[in-house]
Amino acid sequence: MNQYVLVLNCGSSSIKFAIIDVASGDALLQGLAENLGNQSSQLRYTHAQQKAQGALSAAANHQDALNAIVDVLQQFPELNQALVAVGHRVVHGGETFTHSTLINAEVKQAIQKTAHMAPLHNPANLAGIESAQAAFPNLPHVAVFDTAFFQTMPKHAYLYALPYDLYTKHGIRRYGFHGSSHYFVAHQAAHLLHKDIHQCNLITAHLGNGCSIAAIKAGRAVDTSLGFTPLEGLVMGTRCGDIDPSLPSFLIDQLGYTSQQVTDLLNKQSGLLGISELSNDCRALEEEQAKGNRHAKLALDMFVYRLVKYIGAYLAVVGPLDALVFTGGIGENSAYIRSQTLIQLSHLGFEIDKLRNQQMRFGRSGLISVATSHPVYAIATNEEWVIAQDALQYTNKT
Ligand code: ADP
């Protein structure tokens, strides 16, 4: 019997949705309701490679959008009837959630309690859960947390060297994000290596608009580059990653920025965009660099350099390495970023297979290194499949 899960990713003004076949991970239908709350709200979806629009009124809210998604699903009874659960991506689970969980009133309260740590995400996730429960009252709803995979990090890795009571009183520590993606590609790598995940030491690099890297020792996450918020670590599309912690107060005290301006600067105007002064889009920067644009080159050089530094650090942390994995839009598709990274790591036992590296794009997964190198894989991530599998598993646990 087919078992399908509706996977929802609710943002403040958008809802991404997909019907996932739990057995294969295939998205049988996927879509996006966007610009919610303003006049241009719309709902688009793809089914069997056919693109279509759903009926959505102007200035629709989350509840309107979920009702419209219910209407779309009515057109596909073969999908609708096989739905067994709804899986919700929830960005921040704090220290409360070390794994996914069936949603009840207590769970919603706990998500609410974490909202101050992810003010852009958790309230929207929660609004989505409430609306989806109203729209799909007969299905179990399961929350899958971006932070959960990293709850295995040891204290010496997740604490900041700040006064300890900031941690105990306010939960100030590193949490890590992109957990479902790192979990998925780590398991795929173990499969490709023909090894039990608990015997694998891996470094997984999720490189998309947001970027993070994880150190995985014996199958458990022991460190990751994103911290209290998704700003720390690697150079990202518009986020700065690591900077001197004194810079925000310098910007405020000496240059007259407001705290909100600093937040925007670090999150929305930095990274590849800030350095290149052109774009946050890696592919566009590769094209500009090829035409001789030096800012584009500098941005890409910085992106690679920071990545190389983290890989070096995590090599020291994980012990004998089984594999390095690239994933996310850049990790899966940019032969340039992968090859530049591995060239700089050649003295540490990495060597790229040029042909395989060129071939590994557009959803293909496989080895991109030569036989004498540490194994390096490009693996297409599938966070929705992780959410669907967990939704089924935690539904059955009751
Ligand atoms: P998000 O984090 O928003 O999910 P993605 O994982 O889709 O983002 O990654 C988006 C990034 O992937 C962009 O920087 C884009 O330029 C890059 N990307 C996608 N395809 C390619 C490609 N063929 N070559 C280089 N970069 C690519």
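To be clear, the structure that these remarks concern was listed above.
Criteria and thresholds
Residues numbered from 1 in each chain as written. Predicted model: local features only at pLDDT ≥ 70, side-chain atom pairs only at ≥ 80, totals over all residues. Heavy atoms only, no water. Helix = DSSP H or I, 4+ residues; strand = E, 2+ residues; numbered from the N terminus. Contact = heavy atoms within 4.5 Å. Polar contact = N/O pair within 3.5 Å; in protein donor to acceptor, adjacent residues only side chain to side chain. Pairing = 2+ DSSP bridges. Axes fitted to C-alpha atoms, helices over the stretch in contact; angles between N-to-C directions. Near = heavy atom within 4 Å. Areas by Shrake-Rupley, 256 points an atom, 1.4 Å probe, with all protein chains shown as cover. Nonpolar A, V, L, I, M, F, W, Y, C, P; charged D, E, K, R; others polar. Phe/Tyr/Trp six-rings, centres within 6.5 Å; stacked < 30°, edge-to-face > 60°. Buried < 20%, exposed > 50% of the residue type's maximum accessible area, 1.4 Å probe, protein only. Core = buried A, V, L, I, M, F, W, Y, C linked by side-chain atoms within 4.5 Å. Parallel < 35°, antiparallel > 145°, perpendicular 65-115°, else oblique. Left-handed = near helix turned anticlockwise from the far one by under 90°.

Draft legend 1. Representation of the environment of Tyr336. Within the secondary structure, Tyr336 is located in helix H14 (residues 335–344). C-alpha of Tyr336 to C-alpha of Cys282: the two residues are 54 residues apart in sequence and 10.0 Å apart in space. Among residues more than four places away in sequence, those in contact with Tyr336 are Glu286, Gln289, Leu300 and Asp301. Reaching out from Tyr336, the side chain makes a polar contact with the side chain of Gln289 at a distance of 3.2 Å.

Draft legend 2. Summary view of the sheet that holds strand E1 (residues 4–10). Taken in spatial order, the eight strands of this open sheet run E5-E4-E3-E2-E1-E6-E8-E7, and their pairing is mixed. Both outer strands of the open sheet, strand E5 (50–54) and strand E7 (101–102), are each paired with one neighbouring strand and no more. Helix H4 (residues 122–135) rests against E1, strand E6 (83–90) and strand E8 (141–145) of the sheet, and its axis sits at about 165° to E6. The sheet contacts of helix H16 (residues 383–396) involve E1, strand E2 (15–21), E6, E7 and E8, and relative to E6 the element is tilted by about 120°.

Draft legend 3. A look at the site of the ligand. Around the ligand lies a shell of 14 residues, among which Asn209, Asp281, Cys282, Arg283 and Gly329 are the nearest. At a separation of 3.0 Å, an oxygen atom of the ligand approaches a polar backbone atom of Cys282. One of the backbone nitrogen or oxygen atoms of Arg283 is found 3.0 Å away from an oxygen atom of the ligand. If the ligand stood free it would expose 580 Å²; the protein chains cover 72% of that surface. Put simply, the parts of the chain that give the shell around the ligand at least two residues each are helix H11 (282–290) and helix H13 (328–333). When residues in the shell around the ligand are grouped by element, the largest group, four residues, is from H13. The residue inventory of the shell around the ligand, partitioned by class, reads two nonpolar, eight polar and four charged.

Draft legend 4. Representation of the packing of aromatic side chains. Within the structure shown, the criterion is met by nine aromatic pairs. Pairing Phe149 with Phe150 gives two aromatic rings, centres 5.3 Å apart and planes at 65°, and the pair type is edge-to-face. Overall, the relative accessible area of 14% leaves Phe149 in the buried class. For Phe150, a relative accessible area of 0% puts it in the buried group.

Draft legend 5. Representation of the nonpolar core within the structure. Ile203, Leu207, Ile213, Leu307, Leu324 and Ile337 are the most contacted members of the largest nonpolar core, which totals 41 residues. Elements with a minimum of two residues in this core: strand E9 (202–207), strand E10 (211–217), H11, helix H12 (294–318), strand E12 (323–327), H14 and strand E14 (376–378). Take this core: its biggest share by element is twelve residues, from H12. Apart from the residues within four sequence positions on either side, Ile213 is in contact with His182, Ile203, Thr204, Ala205, Asp223, Thr224, Ser225, Leu234, Leu307, Tyr310, Ile311 and Tyr314. In terms of nonpolar packing, the next biggest core, distinct from the first, is built from 36 residues, Ile20, Met153, Ala323 and Ala388 among them.

Draft legend 6. Region of interest: the pairing of E6. Summarising burial for E6: six of the eight residues are buried, a large majority. The pairing of E1 with E6 spans five bridges and is parallel. Bridge pairing in E6 places Val5 opposite Ala85. Of the pairings in the sheet, the one linking E6 to E8 comprises five bridges and is parallel in character. For Val90, the partnering residue across the bridge sits in E8 and is Phe145.

Draft legend 7. Layout of unusual backbone geometry. In this model, Ala218 sits at a positive phi of 50°, which is unusual for a non-glycine residue. Tracing the sequence through the fold places Ala218 in the loop between E10 and strand E11 (220–224). Phi is positive for Glu277, close to 55°, though the residue is something other than glycine. Relative to the assigned elements, Glu277 resides in the loop between helix H10 (271–276) and H11. For Glu277, a relative accessible area of 61% corresponds to the exposed category.

Draft legend 8. Inspection of the packing of H12 against H14 at higher detail. Contact geometry for H12 and H14: axes closest at 9 Å, N-to-C directions at 50°. Viewed along their axes, H12 and H14 adopt a mutual orientation that is oblique. Helix-helix and strand crossings are classified by hand; for H12 and H14 the assignment is right-handed. Seen from H12, the contacting residues are Leu300, Asp301, Phe303, Val304, Tyr305, Leu307, Val308 and Ile311; seen from H14, they are Tyr336, Ile337, Gln340, Thr341 and Gln344. Classifying every residue of the contact of H12 with H14 by side-chain character gives nine nonpolar, three polar and one charged.

Any link to function would need more than the numbers given here.
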